[in-house]
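Structural features, examined
Listed below, chain by chain, are the residues.
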Amino acid sequence: MNKKKMIIIIGLFLLLLTSFRLLWLNHYMTSDYPYAEGGILDLRGVELPDDKAITLNGEWAFFGNQLIAPESLTKQFSGAKQQWIRVPGDWVETVSDDRNIPYGYGTYRLQILLDGQSKLYTMSFKEIKSSATVFINGERVAEMGRVAETVESAIQDYRPFEVSIDGNLKEIDLIIQVSNYNVGHSGGIVKSIKFGNSASMKKDQMMSSLMQFMSATILFLHGIYVLVIFLVFVRKRELVFLSIVFFCATVSVLADDDKVLLYLFPSISSGMWAKILYLSYASSAFFLLQFCRPIMTRHSNSKARVFNLYRVLNLVYLLFIVSVLIDFKIVINPFFSVIMLLIPMIIPLVILKKVAVSEAGIIYLLLATISIASSAIWGDIKNKLSVSLPYYPIDIILGVIFFAVFWFKRFFLATEETKNLAGRLQKEIERKDEFLANTSHELRNPLHGIINMSQAIYDNEKDDLTEESKQNLRILMTVGRRMSMILNDLLDITKLKENGIRLQVKETDLASVVSSVFDTLGFMKEGKSIVFVQTIPETFPKIEADENRLFQILFNLVHNAVKYMNEGEVVVSAESQKEMAIIHVQDNGIGMDEETMKSIFLPYEQADSDMTAIAGGIGLGLSICEQLVKLHGGLLSVKSSVGKGSTFTFTLPISANQTSDPLVRLTVVDVTNGNKRTEQIMTIGFPRILVVDDDPLNLAIVERILVAEQLEIITCTSGKEALVLLDKGKWDLVISDVMMPSMSGYQLAQKIRERFTISELPILLLTARSQLEDIQTGFQCGASDYVTKPVEKIELVSRVKALIDLKTSIGERVRMEAAWLQAQIQPHFLFNTLNTIAALSEVNPPKMVELLDKFGDYLHASFASHNLNPVIQLENELELVRSYLFIEQERFGERLNVEWEVEKIPAIGIPPLSIQTIVENAIQHGVLKRPEGGTVRIQVIEQPELVEITILDDGVGIPEGKLKNLLTHQIEGHRGIGLLNTDKRLKQQYGSGIDITSVPDVGTTVRFIVPKEE
């Protein structure tokens, strides 16, 4: 903020504060009314206002160190030693020999002369130090505390009080006995006594008290919310200081002026009240300084002087606290004056320099401190003038408002900054996640290339390699696989830190998971004398676990065991105890010492060993295991001895329901007497699928999904049963779960491949894991494809149909004429379609599934045996066209647009591949010749006696010279069915062929008609 703007703002604000204060003084000051002289206040002939009180200021009669009863006084004050004293004012020179100690007692007297108006008047006594007894016309009307001639007998009471007076009196003889033995620098009647209309006085008193309560409430609530901010949101010491400032200011407001605090807590003694007043005022100023200190010292060029000033003020405050607590009266007031005047003046002056550096929101803090300083200065002026005015709340309220604005400004700036930082952090997290994903992807591709090339060299050139080269290749492949696992661990540890892993808990067979783990890690045993042993009984209860994550836990534990041993056994056993399954993974490897066992579950920690770096890693596997076990509600522990091996033990909950769903319906197969059942199935004629899974519920799910697709489903619950069934009939597909006890899906696939090639019998594996090592293991064992569990119906059906159609098409391809097949399907179309499928598998698997489905439909329709018939149903032909167009649209995207105008498909026959040939020609030689592509429209219009079929395109068109010869001469080198062949078959069947019209650069229309059957 520039200097000129700052001066204008501060000047206007000071002008505003001063204007409000002067208006307040002007409203309540009563300087134009008579003053008392010679102990008499003559109000005769003076019209007292109804809305404003006057003060009984002036010269009163005073009897120092005399407590005179009203009856002892006459109008001539006989028998008493009379003096004159100014009221309000300090009596210290009259009653005490020490000007610094206003101890003593005395009697005040004032005669008030009135006109005798019929009004009710009220006298308001704001402050008499420190006890008083009031007499009016000889009658005791009020007593605050106890007036006495000795300190032991006196009782102090500072509370303001009021006295009501009948306005019909023409003379009021006011006598006030006062005693003071309290700490302070003044005594007697130190504030003006107000006199006025009772209603007006009551209204002013209520307004003053209300404003005090309002100010105290505002200060207290701000103290609460600042403290809440400190406790809940921001742990900054400055917030504690600010809350103390608000709380102390609340107490000071209630203790001063109308002394509301003494009415709220009558048991507070006057001495305690004085200490509370001193401490609350001084502490609010001192802690305000502590709150502003960091801001005031920031960017300061004279930090040494500022710190020295802080030290001095801290010392003064400490001495002041001590003097108040020990009641050391002489120094209390000097220290209090220094604190209350110096600190409120220093803070705005120092902060004023900070505004120039444009620190955010500092101007509001400056205005707040100016408000506080104004309140302190005017309060001191009011006390020195001994005037009695209602409580003035404007300065305090403005100060609180600006403090709130300052903190709200800081809060919103901090919130905005936090939001920006959160946004940047989120972007960084996204970039990190993207980096991890990209890095993983980029590393996996070359890594898998290395593994595959190494495997190919090892398999193809094994006989020509030396033993050392074979060993190096094995090590290279092992390292590659472990690097792939490390990439998976990096992604998993990130998800665990971000709570990004959600378990899919279900009833799980432990033995089947262990078998799958052993099969997957079989490659690590190559070159080592290691044996995998599973001792889990078949009757062991099922557990509640995420099958995928349980596999990962066991995989990491077994992998860790194999990594650090060259020979021996890895034994997985289990026992049940109460409601938990206790699983042990035991090895007789190198073992660990106590120090190592303390750190192995920490991320990026691993045991030291004498093995090479090949057996290393980055120490994430065990940490991931521990966290995954905890997610399941179990615990992972380890026992180990150096040189004797290690035993990892973890617990998982046992499933409460050990029975299968009684509603599940299964196809029961008697393996020993299956010939009759198999013969009955063969008569149905649907594609036959064998589904193998040890979980009856999974079998029921797969069966219900596939039966609706006109497939014959046979189920069994073990690999052994499946091998028996394979000998009892012809099968089109085997679907097998991976995780099965006794014989896993991998082992079953290996057994099937010993008897059937991949083209003779496809195998589809169902797996809960889709990690690279699992997929790689499946394909190495002979699988044709895999589906990840939980199974999605569309994906399963699509893949099953694709595999069955592929097997069927291969069989039919042998029986179909090779020339006709080549004429129908161009090799480049197959290759391009397969490339598109391969590309979608990386970027859009659901779309890949849909394309596979359509490709299967296309192959099925293209190779169907009815294509050898003269005619086929129009519906079948259109299905083929739809499959073909779907594939082409996936290949060419927005370049190819297709429009269908088919309201109802007539039940007519047409030559096979007739529409498909015309559509293919329109695409290949029409719209795709344009860089931007175009639209192909298929119309089927049914008329009473015929059906008109039209294929239109807006492609490049056909030149007139070529169009004339298109249906009369075979194009040289043409190998497809083509328009000429289609035209001939239509003419042979119906007597009329196709009609072609075309305009270059506009498009082509091909039309033919098919008569309806009578």
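Residues numbered from 1 in each chain as written. Predicted model: local features only at pLDDT ≥ 70, side-chain atom pairs only at ≥ 80, totals over all residues. Heavy atoms only, no water.

What follows concerns the confidence of the model for the protein chain. Per-residue confidence for the protein chain gives a mean pLDDT of 79; residues scoring 70 or more make up 81%. Segment residues 607–616: pLDDT under 50, and 16 contacts once partners within four positions in sequence are set aside and those in other chains are kept. Segment residues 814–823: pLDDT under 50, and twelve contacts once partners within four positions in sequence are set aside and those in other chains are kept. (pLDDT = per-residue confidence, 0-100. Contact = heavy atoms within 4.5 Å.)

Most of helix α15 (residues 621–631) sits inside the fold, with eight of its eleven residues counted as buried. In the stretch just after α15, Gly633 is the one whose phi turns positive, near 90°. (Buried < 20%, exposed > 50% of the residue type's maximum accessible area, 1.4 Å probe, protein only. Helix = DSSP H or I, 4+ residues; strand = E, 2+ residues; numbered from the N terminus.)

Below, the discussion takes up the packing of helix α18 (residues 719–726) against helix α19 (residues 745–753). Following both chains from N to C, one finds α18 and α19 inclined at 20°, their axes separated by 10 Å at the closest point. In terms of orientation, α18 lies roughly parallel with respect to α19. The two elements α18 and α19 cross, and the hand of that crossing is right-handed. Contact residues: α18 offers Gly719, Ala722, Leu723 and Leu726, while α19 offers Leu748, Lys751 and Ile752. Looking at the contact of α18 with α19 residue by residue, the classes come out as five nonpolar, one polar and one charged. (Axes fitted to C-alpha atoms, helices over the stretch in contact; angles between N-to-C directions. Parallel < 35°, antiparallel > 145°, perpendicular 65-115°, else oblique. Left-handed = near helix turned anticlockwise from the far one by under 90°. Nonpolar A, V, L, I, M, F, W, Y, C, P; charged D, E, K, R; others polar.)

Turning to the packing of aromatic side chains, a few remarks are in order. In total, this model carries 20 aromatic pairs according to the counting rule given. A ring pair is formed by Phe286 and Phe287, whose centres lie 5.3 Å apart and whose planes are at 80°; its orientation type is edge-to-face. Members of the aromatic cluster, connected to one another through ring pairs, are Trp60, Phe62, Trp91 and Tyr108. The ring of Phe230 has Arg235 sitting right over it, with the charged end atom 5.3 Å from the ring centre. (Phe/Tyr/Trp six-rings, centres within 6.5 Å; stacked < 30°, edge-to-face > 60°. Lys NZ or Arg CZ within 6 Å of the ring centre and 35° of its normal.)

Glancing now at the pattern of salt bridges. One pass over the structure, following the stated rule, counts 19 salt bridges. The salt bridge involving Arg44 is made with Asp42; its shortest N-O contact spans 3.0 Å. Arg44 gets classed as partly exposed once you look at its relative accessible area, which sits at 47%. One salt bridge in this structure joins Glu888 and Arg891, with 2.8 Å as the shortest N-O distance. Taken as a pair, Glu888 and Arg891 lie in helix α25 (residues 874–892) at a separation of three residues, close to a single helical turn. (Salt bridge = Lys/Arg side-chain N within 4 Å of Asp/Glu carboxyl O.)

So, about empty space enclosed by the protein. All told, the structure shown has seven cavities of 30 Å³ or more when counted by the stated rule. As a volume, the largest cavity reaches approximately 140 Å³. Lining the largest cavity are twelve residues, with Ser124, Lys126, Lys194, Asp204 and Gln205 positioned closest to its centre. Take the lining of the largest cavity: its biggest share by element is four residues, from helix α3 (residues 198–233). Across the lining of the largest cavity, the residue classes break down as three nonpolar, four polar and five charged. Its volume calculated, the second largest cavity comes out at about 80 Å³. Along the walls of the second largest cavity sit 14 residues, with Glu507, Asp509, Glu547, Asp694 and Asp695 positioned nearest its centre. Ranked by residue count, the leading element in the lining of the second largest cavity is strand β14 (residues 506–508), at three residues. (1 Å grid on protein atoms, 1.4 Å probe; cavity = no way out; pocket = protein on both sides within 12 Å on 5 of 7 lines; lining within 4 Å. Points joined across faces, edges and corners; volume = space filled by probe spheres on them.)

Attention shifts here to the environment of Phe336. Here Phe336 lies in helix α8 (residues 329–355). Owing to a relative accessible area of 19%, Phe336 belongs among the buried residues under this scheme. Put simply, Phe336 and Tyr281 are 55 residues apart on the chain and 8.6 Å apart in space, counted from C-alpha to C-alpha. Those residues in contact with Phe336 that sit more than four places away from it in its chain are Tyr278, Tyr281, Ala282 and Phe320.

The next thing to look at is the sheet that holds strand β10 (residues 161–166). The antiparallel open sheet is built from four strands, whose spatial order is β2-β13-β6-β10. The sheet is open, and its two borders are formed by β2 (54–55) and β10, each paired with just one other strand. The sheet contact formed by strand β6 (residues 120–125) and strand β13 (residues 193–197) spans five bridges and is antiparallel. Each residue of the ladder has a partner; that of Phe125, found in β13, is Ile193. In the packing of α3 onto the sheet, the strands contacted are β6, β10 and β13, and the crossing angle to β13 comes to about 125°. (Pairing = 2+ DSSP bridges.)

A word on the sheet that holds strand β30 (residues 946–953). Spatial strand order, β27-β29-β30-β32-β31: five strands in an open sheet with mixed pairing. The open sheet has two edge strands, β27 (896–902) and β31 (995–999), and neither has a second partner. Strand-to-strand twist across the sheet, computed as the mean angle between neighbouring axes with direction ignored, equals 10°. Relative to β30, strand β29 (residues 934–942) runs antiparallel, the two sharing seven bridges. Across the sheet, residue Ile938 finds its bridge partner in β30, namely Ile951. Against the sheet, α25 touches β27, β29 and β30, its axis set at about 160° to β27. Across the sheet, helix α26 (residues 914–925) is in contact with β27, β29, β30 and β32 (1003–1011); its angle to β30 comes to roughly 20°.

As a further point, take the pairing of strand β23 (residues 733–737). Counting buried positions along β23 yields five of five residues, so the element is predominantly enclosed. By the alternation rule, side chains of β23 split into Leu733, Ile735 and Asp737 and Val734 and Ser736, which are all buried. Where strand β21 (residues 688–692) and β23 come together, four bridges link them in parallel fashion. The residue of β23 that forms the bridge with Leu690 is Val734. Pairing analysis gives four bridges linking β23 to strand β24 (residues 763–767), with the strands arranged parallel. Pairing of Ser736 across the sheet is with Leu765, part of β24. Handedness of the crossover joining β23 and β24 through α19: right-handed. (Right-handed = clockwise from strand over helix to strand, strands pointing away.)

Our next topic: the nonpolar core. The tendency in soluble globular proteins is for nonpolar side chains to be buried side by side. Judged by nonpolar contacts, the single largest core of 71 residues is most densely connected at Phe291, Met296, Phe320 and Leu365. Sort the elements by how many residues they give to this core and helix α6 (residues 270–297) lands first, with 14 residues. If you look at the next biggest cluster of nonpolar residues, it comprises 70 residues, including Leu510, Val517, Ile654 and Ala783. (Core = buried A, V, L, I, M, F, W, Y, C linked by side-chain atoms within 4.5 Å.)

With an omega of 0°, the peptide bond running from Val87 to Pro88 counts as cis. Mapping Pro88 onto the fold places it in the loop between β4 (83–87) and α2 (92–95). A cis amide bond links Lys129 to the next residue, Ser130, at an omega of -5°. Mapping Ser130 onto the fold places it in the loop between β7 (128–129) and β8 (131–136). Phi is positive for Lys578, which is not a glycine, with a value near 55°. Take Lys578: it is sitting in the loop between β17 (567–577) and β18 (580–587).

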